[in-house]
Structure formats: C-alpha cells, structure tokens
Amino acid sequence: MEPTEIQAKLLELLTRIAPDIDPRSVVTDQDFRDQFDFDSMDGLHFAVAVSEAFGIPVADTDYGRLANLRSAVEFVQAGLSRKA
Amino acid sequence: MRIEYRLPSLGADMESATLTEWLKKPGERFTHGEPIVTVETTKGLIDVEAYEDGQIDDLVVAPGTKVAVGAVLAHLIVADSAPPAAPEASATAGSSATAASSATAASSASPAVTAPPSPATGHPRLSPAARRRAEELGLSAASLEQAGSASILHVADVERLAAAAPSSATAPPPPEPIDPRAAMRGAIGAAMARAKREIPHYYLGLDVDYGAARDWLARTNARVPVQERLIDAVLITKAVALAAARIDGFNGAFRDGRFEPARAVHAGVAIALRGGGLVAPALLDADRKDLPALMRDFSALVMRVRAGRMRSGEFSAATITVTSLGADGADVLYPIINPPQVAIVGAGAIREQPAVRDGQIAIRPILTLALAADHRVTDGRAGSRFLRAIADLLQRPDGL
C-alpha cells in the first residue's frame with residue numbers, strides 16, 4: 001500500500017473517531033494532542049481504528065508512534081510489511 | 001392522563017435550547033428511555049428521552065424555536081398511575097423557568113439511558129465540523145436531506161452537496177449568527193459563577209502513589225487486544241465511585257436547602273471539547289460496573305460527545321464528578337463543584353517524582369487528587385477520609 005493511500009485512510013479513520021475534526025486542517029507532523037487536544041481516549045480510539053482497518057497489531061507501547069499523521073503512516077507501513 | 005412535557009434542564013449551565021427535531025409524531029407511542037425530541041444546546045445536540053411509556057398527544061413547539069428550560073414542548077398521554085413526565089430538572093438560577101422546572105422536579109423519575117438513539121428519521125446527522133461548514137455555505141437542512149440519513153455526514157459530504165445543490169435550495173445565512181464557542185463559554189461561566197456564589201467550597205489535596213495502578217494497568221493491557229484496553233481515567237473514576245458509595249456526604253445533590261444523598265453512583269466525567277469548553281455527562285452506576293464495562297461506557301460516551309450527539313439522561317444523572325487533566329496537564333487541578341452536586345474530584349497529570357517509600361527516597365509515579373466539596377454537607381475530616389479511601393482503592397487495582 002502506498003504512503004498516500006495509507007495517509008488517506010488514516011485521515012478517514014481520524015474523522016470517524018473524531019467527527020469534530022476537519023480533515024483538511026490536519027498538519028502531518030504535529031502531534032494530535034497539540035493539534036486537536038487529543039486525550040487518552042481519543043488516542044485509544046485511533047489505535048483501535050488503525051488496528052482494525054489495516055489488520056495490524058497495536059501494542060500498548062505503540063501509542064506514541066500513532067501520535068501524529070506522519071509517524072502513523074510509518075507505523076502502518078512497517079506493520080503491513082511485517083504482515084506481508 | 002394528559003400531561004405537559006417540559007424542556008428539562010440538562011445541567012446547571014443550561015438555561016435554554018433550540019428545538020431541532022421531533023423524533024415522534026402526534027399519536028405515536030414511545031417507551032421509557034426512548035428519545036422523543038432533539039434539542040440543540042451549547043453542548044451540542046441532545047436527544048431527550050422519555051421518562052415513562054406513553055403517546056404524543058400534540059406538539060406545542062415547532063422545530064427551530066428557542067425555548068427556556070421548563071417550557072412546555074408537547075402534551076403527552078400517559079398511564080394514570082404514572083407520575084407526571086417531569087425530568088430531573090435542576091433549577092437554573094436567573095432563569096424565568098426556574099419555578100416551573102423546580103416545581104416539577106420533586107416528582108421526577110430517574111431518566112433511562114438504555115435505549116439506543118432512534119434510527120434515522122429523515123433528517124441527516126451532521127458531524128460538528130460538517131455542521132459548521134454547512135452553516136458557512138448556507139445549506140439548509142432540507143437541501144441536506146437528499147443525501148439520505150443512514151450515516152453521519154462529514155465535511156466532504158456537505159461540500160459535495162453544496163456544489164450539487166441548485167441555488168434555490170440554498171437557504172439564506174441564519175439571521176442571527178451565534179458564536180457557539182462564546183455561547184458555551186458564557187454557559188460555563190454562568191454555571192460556575194453560580195457554583196462559586198452558592199456553594200461554600202472547601203478544598204483538600206492528596207498525593208497518591210500510582211505505581212500499583214500503573215503496573216497493573218500495563219500488565220492487563222499487554223494481555224488483551226487494543227479493543228479491550230483500559231485507560232487511567234477509568235481506574236480513577238471507578239475508585240472515586242467506590243469511595244463515594246462507601247463514605248457518606250459526597251454522592252448526591254443539594255436542593256432546597258438540604259442534601260439529598262443518591263443511592264446509585266452516577267459519575268460525571270469532564271470531557272474537554274475541541275475548540276474550547278467541556279461537558280460532564282455521567283457514567284451510570286459507575287461503582288457497580290466492572291472495569292471493562294465501565295471502559296465500554298466511557299468510550300461510547302466520548303464518541304457521542306465527539307459526534308456532538310448526546311442523550312439527556314447522561315446530563316441530568318450525575319451524582320458526583322471526576323475531572324482528569326491527562327498526561328500533559330498540570331500537576332494539580334482544583335475543580336469547581338457542578339451544582340446541584342456536592343463534590344468533585346480533580347486528577348492532575350501522573351508524573352514521576354521523588355517520594356519517600358519504606359524510609360527511602362524513590363522515584364514514583366504520583367497522582368495528585370484534589371477534592372472540592374460542599375461545606376454545607378461535609379467538612380475536612382470527612383473529605384480526608386474520602387480522599388484516603390480513593391487512594392487506598394488505587395493501591396489495590398485488582399479490587400476495582
């Protein structure tokens with residue numbers, strides 16, 4: 001899966017778990033916590049959505065890698081390549 | 001029996017709401033807990049649930065109308081033995097509806113929250129971001145209806161519809177644009193000013209060693225898939241709820257000059273809204289649910305808050321509130337009581353700091369709890385017992 005495809009999917013997931021975010025406004029390398037006041041529940045919802053949408057495991061210790069869009073794309077790429 | 005159906009107060013910060021949609025038509029039946037009308041408040045859209053079984057007789061207020069708390073919205077037909085359909089109305093200071101709402105409060109039945117929101121009724125449900133965009137584009141609800149109502153509309157859907165809509169379907173911009181953030185800030189300000197004016201707060205703080213809870217949470221979360229993981233806020237909320245059930249004077253409401261203890265513990269949880277403001281809907285029976293069940297309720301509640309679509313029972317039910325700042329917050333949060341409740345617990349950020357343990361200085365994860373409680377009901381000794389009980393519960397997370 002291409003990084004642009006992954007990013008588009010991640011933005012869709014982000015909008016699903018946080019419908020109050022305008023996906024056009026997302027800055028790729030700024031943490032969601034700083035950008036959108038993400039709290040721990042939002043972070044967990046995003047981790048669940050990523051795990052289910054891409055079929056990859058997300059460990060309790062991986063949440064930091066889902067902190068912003070850029071690192072989330074890298075995390076998903078790595079997860080998908082392990083799966084392949 | 002024909003009774004009046006009034007707009008309930010859905011929190012101390014609510015004085016009025018705009019009726020957005022009737023979910024039931026005249027003649028239609030409803031059951032206890034079923035949403036019958038949707039109102040827009042400064043918190044977002046709230047589905048107001050029925051307090052008993054019945055039938056709509058006639059509708060008094062049309063969609064789009066702004067009404068005060070306590071105003072008659074409709075007439076209902078209910079069984080003769082049933083109490084009047086008065087929701088749990090906390091009187092709103094300074095509101096003309098105070099008399100009406102408090103007059104009916106005594107006979108309130110506890111609102112149900114078990115029913116799921118009603119299925120689509122022909123009106124589209126917009127995400128908060130999409131609603132803002134629709135307003136910017138001057139799109140009317142009618143022109144959005146053609147999109148169908150099976151799912152929530154997002155910004156992209158609204159823009160697609162705006163592009164496709166013939167100009168005649170485009171409504172003029174609303175005559176009186178209200179800044180929702182300013183409205184929410186005003187509502188919070190009014191409620192908190194009332195709390196500070198009327199409630200003699202006292203404050204206590206306690207540093208809690210969070211090591212046992214943190215280790216237990218890490219072990220538990222490592223064993224389960226991501227869908228079943230827990231967060232700190234759930235442990236803290238459960239500990240507060242259990243302590244509130246065990247120590248008298250912190251769980252309930254202060255009304256008409258006296259404290260009314262509540263039998264159940266419905267823990268209000270403060271949830272910050274993006275763009276400012278916060279809401280504190282309740283996790284029902286928080287002391288009796290196990291952690292996975294409480295986590296599921298909490299998760300679903302946050303999702304509803306984020307989607308801007310909440311349920312009335314969640315807003316009138318809280319008997320005590322917990323507010324957590326999260327990982328990057330300040331060390332201590334001195335909260336303000338949410339009337340008519342009598343206590344609120346603030347949890348600061350959990351941080352590593354030196355602490356004395358077994359006569360040695362050790363680096364420990366510390367959680368500072370701050371209690372604000374009502375001096376008309378309890379004093380510092382009871383408050384200390386309450387905080388110590390929470391701290392003890394957090395030392396034995398297996399028992400939560």
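What you see is a predicted model; the values in this text were computed from it and never measured.

## A closer look at the overall build of chain B
- Across its full length, chain B carries 10 helices and 22 strands.
- Residue burial in chain B is summarised as follows: out of 400 residues, 46% are buried.
- Across chain B, contacts joining residues at least 24 apart in sequence account for 66% of those joining residues at least 6 apart.

## Some details on the domain arrangement of chain B
All names here are of chain B.
- As far as domains go, chain B holds domain 1 (2-105), domain 2 (124-189) and domain 3 (199-399).
- In this structure, domain 1 and domain 3 have C-alpha centres spaced 30 Å apart.
- At the interface, 15 residues of domain 1 touch 12 residues of domain 3.
- Element by element, the count of residues in the side of domain 1 that touches domain 3 is highest for strand β5 (residues 44-49), at 6 residues.

## Focus on the nonpolar core
Residues and elements named next belong to chain B.
- One finds Ala239, Val240 and Ala267 to be the most contacted residues of the largest nonpolar core, which totals 114 residues.
- For this core, the leading source of residues is helix α7 (residues 232-246), giving 11 residues.
- With residues up to four places along the chain from it excluded, the contact list for Ala267 reads Thr237, Val240, Ala241, Ala282, Leu283, Ala286, Ala318, Ile320 and Val322.

## Regarding the environment of Thr237(B)
Residue and element names in this part refer to chain B.
- By secondary structure assignment, the location of Thr237 is in helix α7.
- Residue Thr237 is classed as buried on the basis of its C-beta count, with 29 C-beta atoms lying within 10 Å.
- For the pair formed by Thr237 and Phe298, sequence separation is 61 residues and the distance between their alpha carbons is 10.0 Å.
- Each residue touching Thr237, except ones within four places of it in the same chain, is listed here: Ala267, Val269, Leu283, Ala286, Leu294 and Val322.

## Re the sheet that holds β5(B)
Residues and elements named next belong to chain B.
- Ordered in space as β7-β2-β4-β5-β18, the 5 strands form an open sheet in which the pairing is mixed. With one partner strand each, in any of the chains shown, β7 (66-68) and β18 (309-311) form the two edges of the open sheet. Across the sheet, the axes of successive neighbouring strands diverge by a mean angle of 40°, strand direction being ignored.
- Here strand β4 (residues 35-41) pairs with β5 via 6 bridges, running antiparallel. Residue Thr38 lies in a different strand from β5, and its bridge partner there is Asp47.

## Here we look at the environment of Lys25(B)
All names here are of chain B.
- Mapped onto the secondary structure, Lys25 falls in the loop between β2 (16-22) and β3 (29-30).
- The exposure class assigned to Lys25 is exposed, which follows from the 9 C-beta atoms found within 10 Å.
- For the pair Lys25 and Gly380, spaced 355 residues apart in the sequence, the C-alpha separation amounts to 52 Å.

## Remarks on the interface of chain A and chain B
- Across the contact, 19 residues belong to chain A and 26 residues belong to chain B.
- Breaking the side of chain A that touches chain B down by element, the ones donating at least two residues are α2 (32-36) and α3 (40-54) of chain A.
- No other element matches the 6 residues that α3(A) contributes to the side of chain A that touches chain B.
- Counted by class, the side of chain A that touches chain B contains 10 nonpolar, 3 polar and 6 charged residues.

## Quick notes on the pairing of β2(B)
Residues and elements named next belong to chain B.
- In terms of strand pairing, β2 meets β7 through 3 bridges, oriented antiparallel. Counted as the bridge partner of Thr18 is Lys66 from β7.
- Pairing of β2 with β4, which is carried by 4 bridges, proceeds in the antiparallel orientation. Counted as the bridge partner of Thr18 is Glu40 from β4.

## Considerations on the packing of α7(B) against helix α8 (residues 291-306) of chain B
All names here are of chain B.
- At a minimum axis distance of 10 Å, the contact between α7 and α8 shows a crossing angle of 115°. Of the possible angle classes, the one that applies to α7 and α8 is roughly perpendicular. The way α7 lies across α8 gives a crossing that is right-handed. Facing Val234, Thr237 and Lys238 of α7, the residues of α8 in contact are Leu291, Leu294, Met295 and Phe298.
- Per-class residue counts for the contact of α7 with α8 are 5 nonpolar, 1 polar and 1 charged.

## Here we look at the packing of α7(B) against helix α10 (residues 380-395) of chain B
Residues and elements named next belong to chain B.
- It is at 9 Å that the axes of α7 and α10 come closest, and there the two elements cross at 130°. Taken together, the axes of α7 and α10 are oblique relative to one another. For the crossing formed where α7 meets α10, the hand is right-handed. On α10, the residues touching Leu235, Ala239, Val240, Leu242, Ala243 and Arg246 of α7 are Phe386, Ala389, Ile390, Leu393 and Leu394.
- Classifying every residue of the contact of α7 with α10 by side-chain character gives 10 nonpolar, no polar and 1 charged.

## A few points about helix α5 (residues 180-198) of chain B
All names here are of chain B.
- Helix length check: α5, at 19 residues, gives a terminal C-alpha distance of 27 Å against a target of 27 Å (1.5 Å per residue), a fit within 8%.
- Of all the residues in α5, the buried ones are Pro180, Met184, Ala187, Ile188, Ala191 and Ala195. Buried residues of α5, viewed axially, fall in a sector of 95°; they line one side. Turned more than 90 degrees from where α5 packs its buried face, Ala182, Gly189, Lys196 and Arg197 sit exposed.

Cut-offs used in this document
Along each chain, numbering runs from 1 in the same order as the chain's sequence is written. The order in which chains are written sets their letters, starting at A; the order in which ligands are written sets their numbers, starting at 1. Given that the model is predicted, a residue must reach a pLDDT of at least 70 before its local features are reported, and side-chain atom pairs must reach 80 or more before they are shown or counted; all residues, however, enter totals for whole chains, interfaces and linings. We count a stretch as a helix when DSSP gives it H or I for four or more residues in a row; a strand needs E for two or more, and each element gets its number in order from the N terminus. Counting other C-beta atoms within 10 Å of its own, a residue is labelled buried from 20 upward, exposed at 12 or fewer, and partly exposed in the gap between, with every C-beta atom placed from the backbone. For every residue pair, C-beta atoms are placed from the backbone, and the pair is scored as a contact if these atoms sit within 7 Å. Note that domain bounds follow an automatic or database assignment of domains. To define a nonpolar core, we join buried Ala, Val, Leu, Ile, Met, Phe, Trp, Tyr and Cys residues through C-beta atoms within 7 Å and take the resulting set. Two strands are said to pair when DSSP picks up at least two bridges between them. Interaxial angle, 0 to 180 degrees, is taken between N-to-C directions of lines fitted to C-alpha atoms, where a helix line uses only the stretch in contact. In this classification, the charged set is Asp, Glu, Lys and Arg, the nonpolar set is Ala, Val, Leu, Ile, Met, Phe, Trp, Tyr, Cys and Pro, and all remaining amino acids, among them Gly, are polar. Working rule for angles: under 35 degrees goes down as roughly parallel, over 145 as roughly antiparallel, 65 to 115 as roughly perpendicular, anything else as oblique. Handedness of each helix crossing follows the sense of rotation of the near helix against the far helix: counterclockwise by less than a right angle gives left-handed, clockwise gives right-handed. Expected span of a helix, by definition, is 1.5 Å for each gap between consecutive residues, and there is one gap fewer than residues. Directions pointing from the helix axis toward each C-beta atom define the arc.

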